[in-house]
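Okay, here's what each chain looks like letter by letter:
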Amino acid sequence: MAVLSSALVEKTLDPVRSGRTAKREEFEEIVRRFEIPLFQYARRITGDRDQARDVVQDTFVKFQCNGALRRDDEPATWLFTVCRNAALNVCRKERRMMYVDEQLIEARESEQPMPFDQLEQKEATGFLLRIVSTLPVRQQEVIQLKFQNDLSYQQIAEIMQTTANNVGVLLHTGLKTLRERYAQVAQDFIPFKPKPNQ
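Note that the structure is predicted; figures quoted are calculated from it, not measured.

About the criteria used
Residues numbered from 1 in each chain as written. Predicted model: local features only at pLDDT ≥ 70, side-chain atom pairs only at ≥ 80, totals over all residues. Heavy atoms only, no water. Core = buried A, V, L, I, M, F, W, Y, C linked by side-chain atoms within 4.5 Å. Buried < 20%, exposed > 50% of the residue type's maximum accessible area, 1.4 Å probe, protein only. Helix = DSSP H or I, 4+ residues; strand = E, 2+ residues; numbered from the N terminus. Contact = heavy atoms within 4.5 Å. Axes fitted to C-alpha atoms, helices over the stretch in contact; angles between N-to-C directions. Left-handed = near helix turned anticlockwise from the far one by under 90°. Nonpolar A, V, L, I, M, F, W, Y, C, P; charged D, E, K, R; others polar. Salt bridge = Lys/Arg side-chain N within 4 Å of Asp/Glu carboxyl O. Phe/Tyr/Trp six-rings, centres within 6.5 Å; stacked < 30°, edge-to-face > 60°. Parallel < 35°, antiparallel > 145°, perpendicular 65-115°, else oblique.

Engineer: Give a detailed account of the nonpolar core, specifying residues and quantitative values.
Structural biologist: Judged by nonpolar contacts, the single largest core of 40 residues is most densely connected at Phe34, Leu38, Phe60, Leu79, Phe80 and Leu145. Elements with a minimum of two residues in this core: helix H2 (21-46), helix H3 (49-65), helix H4 (75-94), helix H5 (115-132), helix H6 (137-148), helix H7 (153-160) and helix H8 (164-186). Per-element accounting of this core gives the leading share, 10 residues, to H4. With near-sequence residues (within four places) excluded, leucine 145 lies in contact with Tyr41, Phe80, Asp150, Leu151, Ile156, Ile159 and Met160.

Right, dumping it as structure tokens:
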């Protein structure tokens, strides 16, 4: 899934063309690396595919125009912070905010599971996402940044404009609540195990 059109990449990179192909390749690598995680993050905040695409495009345009490529540190913190702020601005304009979208989860397995395994996995994922959606918004955001985007506590703290200790507390509290709620409801969740053919 390509969120950014090649025309946007070309337009964004136009100033780079003048002999700086290494910077161009570096920018293209950053786009390839962060495009989908930023899109998923923006979509969960805005709740809208098209708005999320616009937010991601704006994020990469700002990244290129503001000289962020010249920074020596990891671009993830800068990109997720700008993406988050842009997505929140979109939500403020429309006065809505959604965090959990079950259709956003993509299965990326190398082998195709059996249909009953797929159904069981889909039910379990939906079950877990419903529990996650009951958490406070900041706990949901920390869990997403940590587990979906594999960011460090410090990176999450910078993105959310808080401290790394607070990120740890939010994550610990959120996971503890998830475990408790899962234990309460999971007793009714009986996995389907077919009998082997004999």
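From this point, the discussion proceeds with the structure in view.
Engineer: How would you explain the packing of H4 against H7 if you had to name every residue and give the values?
Structural biologist: It is at 8 Å that the axes of H4 and H7 come closest, and there the two elements cross at 30°. Considering the relative orientation of H4 and H7, their crossing is right-handed. From H4, Ala76, Thr77, Phe80, Thr81 and Arg84 reach across to H7, where they touch Gln155, Glu158, Ile159 and Met160. Across the contact of H4 with H7, the residue classes tally to four nonpolar, three polar and two charged.

Engineer: Let's hear about the pattern of salt bridges: which residues, and what values?
Structural biologist: This structure, assessed with the given rule, holds four salt bridges. Salt-bridge contacts for glutamate 28 lead to arginine 24; the nearest nitrogen and oxygen are separated by 3.4 Å. Residue glutamate 28 and its partner arginine 24 are located together in helix H2, separated by four residues, close to a single helical turn. The buried category is assigned to arginine 24, whose relative accessible area is 18%. Residue arginine 84 is joined to glutamate 141 by a salt bridge in which the shortest nitrogen-to-oxygen separation is 2.5 Å. Within this pair, whereas arginine 84 is found in helix H4, its partner glutamate 141 is found in helix H6, the two being separated by 57 residues in sequence.

Engineer: Could you give an account of the packing of aromatic side chains, with specific residues and numbers?
Structural biologist: Enumeration according to the criterion identifies five aromatic pairs in this entry. Ring centres of phenylalanine 27 and phenylalanine 60 lie 6.2 Å apart, and the angle between their planes is 85°; this geometry places the pair in the edge-to-face category. Within this pair, whereas phenylalanine 27 is found in helix H2, its partner phenylalanine 60 is found in helix H3, the two being separated by 33 residues in sequence. By the burial criterion, phenylalanine 27 is buried, and phenylalanine 60 matches it. Geometrically, the ring pair formed by phenylalanine 27 and phenylalanine 63 is stacked, given 6.2 Å between the ring centres and 25° between the ring planes. Residue phenylalanine 27 is found in helix H2, and its partner phenylalanine 63 is found in helix H3; the two are separated by 36 residues along the sequence. Among the aromatic residues, ring-to-ring pairing joins Phe27, Phe60, Phe63 and Trp78 into one connected group.

Engineer: Any details on unusual backbone geometry? Residues and values, ideally.
Structural biologist: Leaving glycine out, the prevailing phi sign among residues is negative, and the prevailing peptide bond configuration is trans. A positive phi angle is found at aspartate 150, which is not glycine, with a value near 55°. Assignment of secondary structure puts aspartate 150 in the loop between H6 and H7. Residue class for aspartate 150 comes out exposed when judged on its relative accessible area of 64%.

Engineer: Which residues make up the packing of H3 against H4, and what are the values?
Structural biologist: The N-to-C vectors of H3 and H4 enclose an angle of 135°; their axes lie 9 Å apart at closest approach. The angle between H3 and H4 falls in the class oblique. Crossing of H3 over H4 shows right-handed handedness. Every residue of H4 that contacts H3 at Gln51, Val55, Thr59, Phe60, Lys62 and Phe63 is listed here: Pro75, Trp78, Leu79, Val82, Cys83, Ala86, Ala87, Val90 and Glu94. Among the residues forming the contact of H3 with H4, the class breakdown is 11 nonpolar, two polar and two charged.

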